[in-house]
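One letter stands for each residue in the lines below.
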Amino acid sequence: ATLNRQLLGLNQLLEEFGLVIQNGRLRGSELQIRYLAFRLLQEISLPADFLNLQQQAAFVEFQTALQGLTQKDLGLDLALWWSLAQMRQRFQYVESEPLGLYQEHPTFQQLENCLAHLDMDGRELSLLFAFLVGQGLLSSREMERVLAFGGPIQDKVTELLQALKELGVSPQGPGPVL
């Protein structure tokens, strides 16, 4: 009875993220489950816990493949994510489809090309891309591409500034338009 009360409270907290603990299993979006596990591991892990992982050939190859896309110093974040991905792949019972959000994005396609030799499936690539973007681990150049700076956003800002100028409104506030 006490356990059920605790689970009820925990499920209320997890509901915001579309997760639920049901029959002893965490259910919900794979991305949300991984993010929750990542944050928990981030809080309780010590750097020494991942020293062996960071020296494994498969991880070194993975990290090397990402070097052109990511920041120089990722700390433990990439090692934590790699570890979670390996665990989830071993225990994944239900096949799920890739996140379709990113398939056409140039940075995602570049990531796909960088990791093609590692035989990662589309779902794993999508989850990795969401993680890299969400944690701000992509290089600043790649983040600009993801956020479309220099593209549609810049074009719309330019249009707005031109419209304000035509109306005689200064974007800096009251005063003459320069």
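Below is a short write-up of the structure.

About the criteria used
Residues numbered from 1 in each chain as written. Predicted model: local features only at pLDDT ≥ 70, side-chain atom pairs only at ≥ 80, totals over all residues. Heavy atoms only, no water. Helix = DSSP H or I, 4+ residues; strand = E, 2+ residues; numbered from the N terminus. Expected span 1.5 Å × (residues − 1). Buried < 20%, exposed > 50% of the residue type's maximum accessible area, 1.4 Å probe, protein only. Contact = heavy atoms within 4.5 Å. Salt bridge = Lys/Arg side-chain N within 4 Å of Asp/Glu carboxyl O. Axes fitted to C-alpha atoms, helices over the stretch in contact; angles between N-to-C directions. Parallel < 35°, antiparallel > 145°, perpendicular 65-115°, else oblique. Left-handed = near helix turned anticlockwise from the far one by under 90°. Nonpolar A, V, L, I, M, F, W, Y, C, P; charged D, E, K, R; others polar. Core = buried A, V, L, I, M, F, W, Y, C linked by side-chain atoms within 4.5 Å. Phe/Tyr/Trp six-rings, centres within 6.5 Å; stacked < 30°, edge-to-face > 60°.

Re helix H7 (residues 122-134)
Helix length check: H7, at 13 residues, gives a terminal C-alpha distance of 18 Å against a target of 18 Å (1.5 Å per residue), a fit within 8%. Within H7, 10 of the 13 residues are buried, which leaves the element mostly enclosed by the surrounding structure. Restricting attention to buried positions, one finds in H7 the residues Arg-123, Glu-124, Leu-125, Ser-126, Leu-127, Leu-128, Phe-129, Ala-130, Phe-131 and Leu-132. Close packing links the buried residues of H7 with helix H2 (30-44), helix H4 (57-66), helix H5 (77-91), helix H6 (106-114) and helix H8 (140-146). Two residues or fewer past H7, Gly-136 is found with a positive phi of approximately 65 degrees.

A closer look at the pattern of salt bridges
Evaluated as defined, the whole model comprises 3 salt bridges. Between Arg-123 and Glu-124 there is a salt bridge, with its nearest N and O atoms 3.8 Å apart. Glu-124 sits in the buried class, given a relative accessible area of 2%. Sharing partners across several salt bridges, the network here consists of Glu-30, Arg-34, Arg-123 and Glu-124.

Quick look at unusual backbone geometry
Even without being glycine, Asn-23 reaches a positive phi, approximately 55 degrees. By the element assignment, Asn-23 lies in the loop between strand E1 (20-22) and strand E2 (25-27).

Remarks on the packing of H2 against H5
Two numbers describe how H2 lies on H5: the axes approach to 10 Å, and their chain directions differ by 130 degrees. The orientation of H2 with respect to H5, classified from their angle, is oblique. Where H2 crosses over H5, the handedness of that crossing is right-handed. For the pair formed by H2 and H5, the contact residues are Glu-30, Ile-33, Arg-34, Tyr-35, Ala-37, Phe-38, Leu-41 and Gln-42 on the first element and Asp-77, Leu-80, Trp-81, Leu-84, Ala-85 and Arg-88 on the second. The class makeup of the residues in the contact of H2 with H5 is 9 nonpolar, 1 polar and 4 charged.

What about the nonpolar core?
In this structure, Phe-62, Leu-66, Leu-111, Leu-115, Leu-128 and Leu-132 are the most contacted members of the largest nonpolar core, which totals 30 residues. Put simply, the parts of the chain that give this core at least two residues each are H2, H4, H5, H6, H7 and H8. Those residues in contact with Leu-128, other than ones at most four positions away along the chain, are Phe-62, Leu-66, Trp-81, Leu-111, Leu-115 and Met-120.

Details of the packing of aromatic side chains
A complete count under the given rule lists 7 aromatic pairs for this structure. An angle of 10 degrees between the planes, with centres 4.2 Å apart, marks the rings of Trp-81 and Phe-131 as stacked. Of this pair, Trp-81 sits in helix H5 while Phe-131 is found in helix H7, placing the two residues 50 residues apart along the sequence. Ring pairs connect the aromatic residues Phe-38, Trp-81 and Phe-131, which therefore count as one cluster.

What about the packing of H5 against H7?
The N-to-C vectors of H5 and H7 enclose an angle of 155 degrees; their axes lie 12 Å apart at closest approach. Comparing the axis directions of H5 and H7 gives the class roughly antiparallel. Of the two possible hands of crossing, H5 and H7 adopt the one that is right-handed. Listed contacts from H7 to Asp-77, Leu-78, Trp-81, Ala-85 and Gln-89 of H5 are Glu-124, Leu-127, Leu-128, Phe-131 and Leu-132. Residue classes in the contact of H5 with H7 are distributed as 7 nonpolar, 1 polar and 2 charged.

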